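Architecture and fold: a report
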Amino acid sequence: MESIISANKNYQREVLTNAAHVSEQLATIREQQQYGADDDFPFQEFHELREADLLQITLPDQPLDFATPTTRELLNLLKLVGKGNLSVGRIYEGHINALYLIHLFGTTAQQQYWYQNVQLSQHLFGVWNTQMNDGITIQDLGDGKYQLQGCKTFCSGAQWVTRPIITGKLLSERGEDLGWQMVVVPLDEQEHLPVDDSFWKPLGMKASVSHKIDFSQVVLTDQDLLGNPDDYHQQPHFSGGAIRFAAVHLGGAEAIFDATRNYLQKLMRTNDPYQQMRLGEMAALIESGNLWINSAGERTDGNLPSDVTIQYANMVRTAIEKICLDTLRLSERCVGARGLLYPEPFARLHADLTTYLRQPAPDQALAQVGAYVGTQKSPAHDLW
């Protein structure tokens, strides 16, 4: 048994070593792009992820199989992809999120089918939940048929995510609201699906191509419905998943730290005591972030009570957001106005991370932590 555990750990370390190499490749591609040429889907980058077998890394019998206690390694993988390119990290995290929902809520037949979509056809999955007032309804037509109506916004990866999970209000044949339902749309099989790229004019994260897509008139079967109504919001999976996007955020902060240090070394400014102070503070911030995601991974695999998992995830996303914001501030002071000029990487790195950090309800997440700890009697060292 010990030899099997040791072999698995070696396998997982090898995965992260390979992921670090892929991260460097993604960064090289990013650095070689012309100024302003960062608003297209990252085809070359996802070719690298496919070549490294990273699209299927969490499937059964793969190194980071969701059924095994490997969340810590998964978070480090997400961090490394985000370090190479935050837009790629955003789309890839959505792919991992979708496969996790299929792991949780798919039937055995659905899992086999969709997992083969990844392994044999290299389909890219995603999760698109955000919408405006023209959002999605899923109308039961009878005879196992369902018709979609409405749009989703912030569809990261857009039409290049060929197997997105989208959510919407499920309506019975009589028009009754049955709840919030997940469906997997075979996007590559839909003809002339309206994609509105004018919606996506962001400060950063342009290459995530998070367009608005109109799914009206798409007809699905009951085999395309994932789980039961309202499974999408099932806890602790819904809130606990924040640790995954937080890991990608931390990768962006690591990229900024490395770029800042390289810039100062190039200018021979690392002997300046004020630059040393800022680099020291940044190093401490980054290491704090690594401690957070490693602890989050271990606790997630520890089968803690749901409320503990949720609030710990809220702490992680809050702490890493602050780490990233402080890293941005310190980097800007290190490199000054000159460092923010092309061809230096900082303008894009800073714009991407600033944009990606804007996740839903950050204040509410922190307030929920406070509400939780305010009702506990355990001493601080035993809260989690």
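Now for a description of the structure that goes with this document. If you're wondering where the values come from, they're calculated on a predicted model, not measured in any experiment. (Residues numbered from 1 in each chain as written. Predicted model: local features only at pLDDT ≥ 70, side-chain atom pairs only at ≥ 80, totals over all residues. Heavy atoms only, no water.)

So, the packing of helix 3 (residues 71-84) against helix 4 (residues 86-105)
Under the convention used in this document: For helices, the fitted axis covers only the stretch in contact; all axes are lines through C-alpha atoms, and the angles between them, taken along N-to-C directions, range from 0 to 180 degrees. We count a stretch as a helix when DSSP gives it H or I for four or more residues in a row; a strand needs E for two or more, and each element gets its number in order from the N terminus. Should any heavy atoms of two residues lie within 4.5 Å, those residues are counted as being in contact. Gly falls in the polar group here, along with every residue not listed as nonpolar (Ala, Val, Leu, Ile, Met, Phe, Trp, Tyr, Cys, Pro) or charged (Asp, Glu, Lys, Arg).
The contact between helix 3 and helix 4 brings their axes to 7 Å, and the two run at 150°. Across the interface between the two elements, L74, L77, L78, V81 and G82 from helix 3 touch L86, V88, G89, Y92, E93 and I96 from helix 4. The residue inventory of the contact of helix 3 with helix 4, partitioned by class, reads eight nonpolar, two polar and one charged.

Topic: the pattern of salt bridges
Just so we agree on the cut-off: The working definition used for a salt bridge is a side-chain nitrogen of Lys or Arg within 4 Å of a carboxyl oxygen of Asp or Glu. Think of it in three bands: residues with accessible area under 20% of the maximum for their type are buried, residues over 50% are exposed, and the middle band is partly exposed, with areas taken using a 1.4 Å probe on protein chains only.
Per the stated rule, a full pass over the model turns up 18 salt bridges. The closest approach of N and O atoms between D326 and K322, which form a salt bridge, is 2.9 Å. Taken as a pair, D326 and K322 lie in helix 9 (residues 306-339) at a separation of four residues, close to a single helical turn. Judged by relative accessible area, D326 falls into the buried class, the value being 15%. Residue D326 pairs with R329 through a salt bridge whose shortest N-O separation is 3.8 Å. Of this pair, D326 and R329 both sit in helix 9, three residues apart, which is roughly one turn of the helix. Overlapping salt bridges, with partners in common, bring together K79, K83, E254, D258 and R261 in one network.

Focus on the layout of surface pockets
A probe as big as a water molecule, rolled over the atoms, marks out the empty space that is left. Short version of the rule: Detection works on a 1 Å grid of protein atoms alone, calling trapped sets that fit a 1.4 Å probe cavities and calling open sets with protein on both sides within 12 Å along at least five of seven lines pockets, with lining residues defined by an atom within 4 Å of a point. Grid points are joined across faces, edges and corners, and a volume is the space filled by probe spheres set on the points.
In this structure, the largest pocket spans a volume of roughly 1,100 Å³. The wall of the largest pocket is formed by 39 residues, among which R90, T130, F245, Q359 and P360 lie closest to the centre. Of all the secondary structure elements, the ones that give two or more residues to the lining of the largest pocket are helix 4, strand 1 (125-128), strand 4 (151-155), helix 6 (237-240), helix 7 (242-266), helix 9, helix 10 (346-356) and helix 11 (362-374). The dominant element in the lining of the largest pocket, judged by the number of residues it contributes, is helix 4, at seven residues. When grouped by side-chain class, the residues that make up the lining of the largest pocket number 16 nonpolar, 17 polar and six charged. Quantified by volume, the second largest pocket comes out at close to 550 Å³. Contributing to the lining of the second largest pocket are 29 residues, with T71, Y100, H237, T300 and D301 lying nearest its centre. Among the elements of the structure, helix 3, helix 4, helix 6, helix 7, helix 8 (273-300) and helix 9 are those that each provide at least two residues to the lining of the second largest pocket. A per-element tally of the lining of the second largest pocket places helix 9 first, with five residues.

A closer look at the sheet that holds strand 8 (residues 211-214)
Two pairing modes exist for strands in a sheet, parallel and antiparallel, and in both the strands are linked by backbone hydrogen bonds. This is how it is decided: Two strands make a pair as long as DSSP finds a minimum of two bridges between them.
Pairing is antiparallel across the open sheet formed by three strands, whose spatial order is 4-8-7. Each of the sheet's edge strands pairs with one partner strand only, and the pair in question is strand 4 and strand 7 (195-196). Two strands pair when backbone bridges link them, and strand 4 and strand 8 are joined in this way by three bridges, in the antiparallel orientation. Pairing of K152 across the sheet is with I213, part of strand 8.

Concerning unusual backbone geometry
With an omega of 5°, the peptide bond between Q235 and P236 qualifies as cis. Residue Y342 is joined to P343 through a cis peptide bond whose omega torsion reads 15°. Note that P343 resides in the loop between helix 9 and helix 10. Phi is positive for Q122, which is not a glycine, with a value near 60°. Position of Q122 among the secondary structure elements: in the loop between helix 5 (108-119) and strand 1. When its relative accessible area of 21% is taken as the criterion, Q122 is described as partly exposed. A positive phi angle, near 55°, is found at A361, a position not held by glycine. Secondary-structure assignment places A361 in the loop between helix 10 and helix 11. For A361, a relative accessible area of 37% translates into the label partly exposed.

A short note on the environment of G204
In this fold, G204 is placed in the loop between strand 7 and strand 8. Of the residues examined, G204 reaches a relative accessible area of 2% and is grouped as buried.

A closer look at the side chain of R317
The criterion, for reference: When charges are counted, Lys and Arg are positive and Asp and Glu negative, with His and the chain ends excluded.
Looking at where R317 falls in the secondary structure, it is placed in helix 9. Despite its burial, R317 remains without a salt bridge, the nearest opposite charge being carried by E321 at 6.3 Å. Beyond its immediate sequence surroundings of up to four residues, R317 is in contact with A242, F245, A246, Q359, P360, A361, P362 and A365.

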